[in-house]
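Remarks on the overall topology
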Amino acid sequence: MSDVLAVTEHRRGELRDVSYEVITAGRELADATGGDLHLAVISGDTERFAEDLDREGVDYIHTVSDGEEFNHDVYVQAIEALHAELDPEVVVMPNSVNGLDYAPAVANRLDLPLATDAVGMEYDGGLTVTREMYGSKVETAVEVGGDQQAVTVRGAEWPAAEGVGDAEISAFDVDIDTDAGSTVTGFEEVGGGDVDISEADFIVSIGRGIEEEENLDLIRDLVEATDATLASSRPIVDNGWLPKNRQVGQSGKVVTPTVYLAIGISGAVQHVAGMKGADNIIAVNTDPNAPIFDIADYGIVGDLFEVVPELIEQFS
Amino acid sequence: MKVLVTVKEVAEVADDFEIAGTEVDERYLEYDLNEWDDYAVEEAVQLKEDGPADEVVTVTIGPERAEETIRMALAKGADRAVRVWDDALEDVDMLDVETKTNLLAAVVEEEDPDLILTGVQSGDDALGATGVSLADQLGFQWGAVVNALDFDADAGVASVHRELEGGVEELTDIEIPAVLTIQTGINEPRYASLRGIRQAQSKEIAAKTLGDIGLDAGAVESDLTLTSMYEPESESDATIFEGDAGETAGQLAEVLREKGVAE
C-alpha cells in the first residue's frame, strides 16, 4: 500500500497539460513512499492517450475505455474500482473544473481524507500538502490524516513529465452503471464577438480595483490614448461591466501580448494562468504584497485613480 | 420545490496583516458572506420569484457571530435559516470536507430539499469540494462549477452550463434531486433592500447542535490538521517605479514607448 494512483484528464480528443503534471507530482510522491506510480486513463481514445502518457517515471497505465467525453459517474466508478484493485496510498487528481466534479465524490465514496488545490506535497511517513488560503495571501502546511489519502493538485505547479517511459499498459475492465441522471448534451465556446484579445500586442487590463462601473471610462480613455486593447480580470465580467470576450484567465482567454498592463488586478492564480506568457508585465496596484508583483517586470505601487490620469496625460 | 442553499461566513484578510500561530491575527479579519454563496442565494431567490421554488432555506455551519451574515441572505429573499454549531466544533482548526458533508447531510435529511445550491468554493480555505461530496453522500445528482441554470419544473431537470477552462462550457441536463455548485457571474446578486433587511429581522434562524441533528462528536473529527501558516515569500524582481503619480506615470510611459507599443 505504498503506490500512487494519478488520474489523467482529456477533453475533446486532447490530453490536457495537467495530465503530464500529475505524472511528475505522482512520481515525486511515489519516490517518497517507495511505491509504484499508476496512471488512470479514463474514457475517449484511451490507447492513444496511454501511449502519449508513457513518459519517464510511469510504472503502470490502466485504461478504462467506457465513454467518450468526461462524465463524473464513469470517473468515480472507474477510480473506485481501480482503488480497490491497486490499494494505493495516495490518489492524485487534477484540481481542474472536472477534477472538482469527481474528486470529492471519490473521496466520499472511499472514505478518504481529501486535500484540494495542493501546490506542494511532502511525504515523511505521512502526507503533508502545501495549500494557499485567503486568496493566496497565506500558505499553509496541512497534515492529511488516515492511512490512505486523496489529493487534487493545482495546474502548472509541477513541471510536465518528459521522456519516453517503459510503463506496462493494460486495459482495466469496470462494470460501469450508466443509469445516471445527468447527461452531457454538448459544448459551447464562449467569448467570441467583436474582438479577439488573444491577438493583441498591447493590453490594458482592469480588475476589481476600478471599484465602480462608471470608473471604467477612465480606463477607456487610457486605452484610446495609447491605442491599446481593453481586457479585464474575472470580477469585471462577473459584474457584467465588460463582455466575456474581454476576460483574461483560466476560464477566459490566454493572451501573450508584448505588454500587459494590469491595473487594479491582484493577480489571483486563475488570472495569472491567462497572462503569464506576456513578454512584459506591468502592474499598478495599491497593495505592495499583491501577487501580481511576483510576476511583474515593472510596477507602480500606487492608486490607479492618481496614476492613470497622469499616464493619459503622457500620451495626449 | 424546496431549495436549500449552503452559505458560509468567510474571513477576509486585510492587505497588511500578522499571523499568530496557525491563524491570521483576528484584528486583521473582516467577516462577510462568501462571494460564491452570494450568487447561489440569488439563483435560489430567482427560482422562487420565477415560480419553480416554493421555499428557500439557507444552512450555515458557523458560530453565533455568523448570524449577521445569515441575515444578509435572509434580507435578499431567503425564507429562513438553519445554523449548525457545537462546542465540539470550536477546537477544530480546519473543518475537513467529510465533516462538512456529515453536518450538511444531517440537515438535508431533516429538510428534504429537492435542489441544493452551494458556492463553488469559499474565499477563505477554498477546498471547493463540499457540494459534490454532499451530493455523493446523499445519493443526489450533481454538477460542479455551474454558470448558467435553466430549470424545467415539469420534468424536474436542471439544464446547466458548467464553466470549463479556456472559454468552453459543458452543457448538461441534471435530474433533481441534485446539488449544483454555483460559479460567480451566473447572475447579478441583488443588494438587500431596506424592506428586505427589516423583514429579515423576523425570519427564523434555527440554531442546532450536533445532538439536535442526530450526530455525535465523532462526526466532526477532522482529518486535516493545519500545522503552519506563513506569508508566501515574494518572488518579485519587478522594477518598481518610485515617486509621485506623475513621476511614476512618466517612467511607465517611457517603458511603453521603449517596447514600441504606444507613442
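Here goes a summary of the coordinates provided. Everything quoted here is computed from the prediction, not taken from an experiment.

For the rest of this paragraph, the subject is the environment of Ala156 of chain A. All names here are of chain A. Its place among the elements puts Ala156 in the loop between strand 11 (149–153) and strand 12 (168–171). Separated by 139 residues in the primary sequence, Ala156 and Asp17 have C-alpha atoms spaced 8.2 Å apart. Setting aside residues no more than four positions away along its own chain, Ala156 makes contact with Glu21 and Lys276.

On to the sheet that holds strand 9 (residues 141–152) of chain B. One key point about sheets: their strands pair by backbone hydrogen bonds, in either a parallel or an antiparallel sense. Ordered in space as 13(A)-11(B)-10(B)-9(B)-12(B)-8(B)-1(B)-6(B)-7(B)-13(B), the ten strands form an open sheet in which the pairing is mixed. Among the strands making up the open sheet, the edge pair consists of strand 13 (182–189) of chain A together with strand 13 (205–208) of chain B. Put simply, the sheet's adjacent strands are angled 30° from each other on average, direction ignored. Both strand 10 (residues 157–163) of chain B and strand 11 (residues 168–175) of chain B contribute to a ladder of seven bridges, which runs antiparallel.

Below, the discussion takes up the packing of helix 5 (residues 216–226) of chain A against helix 9 (residues 304–314) of chain A. Residue and element names in this part refer to chain A. Running from N to C, helix 5 and helix 9 point in directions that differ by 30°, and their axes come no closer than 9 Å. Viewed along their axes, helix 5 and helix 9 adopt a mutual orientation that is roughly parallel. Remark: the crossing between helix 5 and helix 9 carries left-handed chirality. Here helix 5 contributes Leu218, Ile219, Asp221, Leu222 and Ala225 to the contact with helix 9, which in turn contributes Leu304, Phe305, Val308, Pro309, Leu311 and Ile312. Along the lines of polarity and charge, the residues of the contact of helix 5 with helix 9 split into ten nonpolar, no polar and one charged.

Turning next to the interface of chain A and chain B. With 81 residues of chain A at the interface, the matching set in chain B holds 82 residues. Carbon and sulfur atoms supply 54% of the area that chain A and chain B bury against each other, a total of about 7100 Å² over both sides. Considering only the surface of chain A that becomes buried against chain B, Val97, Tyr134 and Lys137 of chain A emerge as the three largest contributors, covering 9% of it. Run the count over chain A and chain B and you get eight salt bridges. Between Arg16 of chain A and Glu165 of chain B there is a salt bridge, and its shortest N-O distance comes to 3.6 Å. Remark: the boundary between chain A and chain B carries 40 residue pairs in polar contact (both at pLDDT 80 or more). It is strand 13 of chain A that contributes the most residues to the side of chain A that touches chain B, eight residues altogether. In terms of residue class, the side of chain A that touches chain B is made up of 31 nonpolar, 26 polar and 24 charged. Of the pairings in the sheet, the one linking strand 18 (residues 298–301) of chain A to strand 15 (residues 239–240) of chain B comprises two bridges and is parallel in character. Across the sheet, Gly299 of chain A pairs through a bridge with Ile240 of chain B, a residue of strand 15 of chain B.

Here we take up the nonpolar core. Residues and elements named next belong to chain A. Of all hydrophobic cores here, the largest spans 106 residues; its most connected members are Tyr102 and Met121. If we skip the residues at most four places from it in the chain, Tyr102 touches Val7, Phe70, His72, Tyr75, Val76, Ile79, Met93 and Pro94. Counting 36 residues, the second largest nonpolar core, distinct from the first, contains Trp241, Ile282, Tyr298 and Val307.

Spatially, the six strands line up as an open sheet ordered 15(A)-14(A)-16(A)-17(A)-18(A)-15(B), and their pairing is parallel. Edge positions in the sheet fall to strand 15 (229–232) of chain A together with strand 15 of chain B, since each of these pairs with one other strand and no more. Across the sheet, helix 9 of chain A touches strand 14 (202–206), strand 16 (259–263), strand 17 (280–285) and strand 18 of chain A, and the angle it forms with strand 16 of chain A is around 140°.

On to empty space enclosed by the protein, then. Taken as a whole and judged by the stated rule, the model has two cavities of 30 Å³ or more. Space inside the largest cavity adds up to approximately 70 Å³. Surrounding the largest cavity, Phe70, Asn71, His72, Asp101, Ser182 and Val184 of chain A together with Trp142, Arg162, Glu170 and Thr172 of chain B form its lining. Only strand 13 of chain A together with strand 11 of chain B provide two or more residues apiece to the lining of the largest cavity. Tallied by class, residues from the lining of the largest cavity come to three nonpolar, four polar and three charged. Looking at the second largest cavity, its volume works out to about 30 Å³. Lining the second largest cavity are His10, Arg11, Glu69, Phe70, Asn98 and Phe187 of chain A together with Leu164 and Glu170 of chain B.

This brings us to the layout of surface pockets. Volume-wise, the second largest pocket comes out at about 1100 Å³. By residue class, the composition of the lining of the second largest pocket is 24 nonpolar, 13 polar and twelve charged.

This next bit is on the pairing of strand 12 (residues 178–182) of chain B. Residue and element names in this part refer to chain B. Of all five residues in strand 12, five are buried; the element is thus mostly enclosed. Both strand 8 (residues 115–119) and strand 12 contribute to a ladder of five bridges, which runs parallel. Looking across to strand 12, one finds that Leu115 is bridged to Ala178.

Residues Glu211, Glu212, Glu213 and Glu214 of chain A together with Glu188 of chain B make up a contiguous surface patch of negative charge. Relative to the helices and strands, Glu188 of chain B is located in the loop between strand 12 and helix 6 (194–200).

Counted according to the given criterion, the structure contains 35 salt bridges over all chains. Notably, a salt bridge pairs Asp101 of chain A with Arg162 of chain B, separated by 3.7 Å at the nearest N-O pair. Within this pair, whereas Asp101 of chain A is found in helix 4 (residues 99–110), its partner Arg162 of chain B is found in strand 10, the two belonging to separate chains. This pair shows no difference in class: Asp101 of chain A is buried, exactly as Arg162 of chain B is. As a salt-bridge pair, Asp196 of chain A and Lys253 of chain A come within 4.0 Å of each other at their nearest N and O atoms. In this pair, Asp196 of chain A is assigned in the loop between strand 13 and strand 14 and Lys253 of chain A in the loop between helix 6 (234–238) and strand 16, connecting sequence segments 57 residues apart. Three or more residues are tied together by salt bridges with common partners; here these are Glu9, Arg11 and Arg16 of chain A together with Glu165 of chain B.

With 14 residues, helix 7 (residues 245–258) of chain B extends 20 Å from end C-alpha to end C-alpha; this agrees with the ideal 20 Å at 1.5 Å per step. Among all positions of helix 7 of chain B, only Ala245, Thr248, Ala249, Gly250, Leu252, Ala253, Val255 and Leu256 of chain B are buried. In this structure, the buried side of helix 7 of chain B is in contact with strand 14, strand 16, strand 17, strand 18 and helix 9 of chain A. Here helix 7 of chain B starts with a cap whose side-chain oxygen sits 3.1 Å from the backbone nitrogen of Gly246 of chain B, and that cap is Asp244 of chain B. Gly260 of chain B sits one or two residues past helix 7 of chain B and shows a positive phi near 75°.

Let us now look at helix 2 (residues 67–75) of chain B. Listing the buried residues of helix 2 of chain B in full gives Glu67, Thr69, Ile70, Ala73, Leu74 and Ala75 of chain B. One or two residues past the end of helix 2 of chain B sits Gly77 of chain B, with phi positive at roughly 130°.

Quick notes on the rules
- Per-chain numbering applies: the sequence of each chain, read as written, is numbered from 1 onward.
- Chain A is the first chain written and ligand 1 is the first ligand written, with later ones labelled in order.
- Where totals are concerned, whole chains, interfaces and linings use all residues; where local detail is concerned, this predicted model gives features only for residues with pLDDT of at least 70, and gives and counts side-chain atom pairs only at 80 or more.
- Where side-chain values are given, they derive from all heavy atoms of the structure, hydrogens and water being excluded.
- Secondary structure elements follow DSSP: runs of H or I of four or more residues count as helices, runs of E of two or more count as strands, with numbering from the N terminus.
- Whether two residues are in contact is decided by their heavy atoms, any of which lying within 4.5 Å being enough.
- In short, DSSP must find at least two bridges between two strands for them to pair.
- Geometry is summarised by axes, namely lines fitted to C-alpha atoms with helices restricted to the contacting stretch, and by angles between N-to-C directions that run from 0 to 180 degrees.
- Oblique is the label for any angle not covered by the other classes, which are roughly parallel (under 35 degrees), roughly antiparallel (over 145) and roughly perpendicular (65 to 115).
- Crossing handedness is read from the near helix: turned anticlockwise from the far helix by less than a right angle, it gives a left-handed crossing, and turned clockwise, a right-handed one.
- Any residue that is not Ala, Val, Leu, Ile, Met, Phe, Trp, Tyr, Cys, Pro, Asp, Glu, Lys or Arg is counted as polar, Gly included; the first ten are nonpolar and the last four charged.
- Joining two parts hides part of their accessible area as seen by a 1.4 Å probe, and the buried area is that hidden amount summed over both.
- Note on definitions: salt bridges are taken to be side-chain nitrogens of Lys or Arg within 4 Å of carboxyl oxygens of Asp or Glu.
- In protein, a polar contact requires one atom able to donate a hydrogen and another able to accept it; more generally it is a pair of N or O atoms within 3.5 Å, and residues adjacent in sequence count only if both atoms are side-chain atoms.
- Buried Ala, Val, Leu, Ile, Met, Phe, Trp, Tyr and Cys residues form a nonpolar core when they are joined through side-chain atoms within 4.5 Å.
- Working definition: with a 1.4 Å probe on protein chains only, accessible area under 20% of the residue-type maximum means buried, over 50% means exposed, and in between means partly exposed.
- Detection works on a 1 Å grid of protein atoms alone, calling trapped sets that fit a 1.4 Å probe cavities and calling open sets with protein on both sides within 12 Å along at least five of seven lines pockets, with lining residues defined by an atom within 4 Å of a point.
- Grid points are joined across faces, edges and corners, and a volume is the space filled by probe spheres set on the points.
- The patches reported here contain residues having more than 30% relative accessible area and no salt bridge. Joining distances are 9 Å for like charges and 5 Å for nonpolar side chains (Val, Leu, Ile, Met, Phe, Trp, Tyr).
- Using a 1.4 Å probe, accessible areas were evaluated by the Shrake-Rupley method; residue-level cover was limited to the displayed protein chains.
- Within this scheme the basic residues Lys and Arg register as positive and the acidic residues Asp and Glu register as negative, but His and the chain ends are omitted.
- Positions of charges follow a simple convention, taking NZ of Lys, CZ of Arg, CG of Asp or CD of Glu.
- Given a helix with a known number of residues, its expected span is that number minus one, times 1.5 Å.

Shape is all these values report; function is a separate question.
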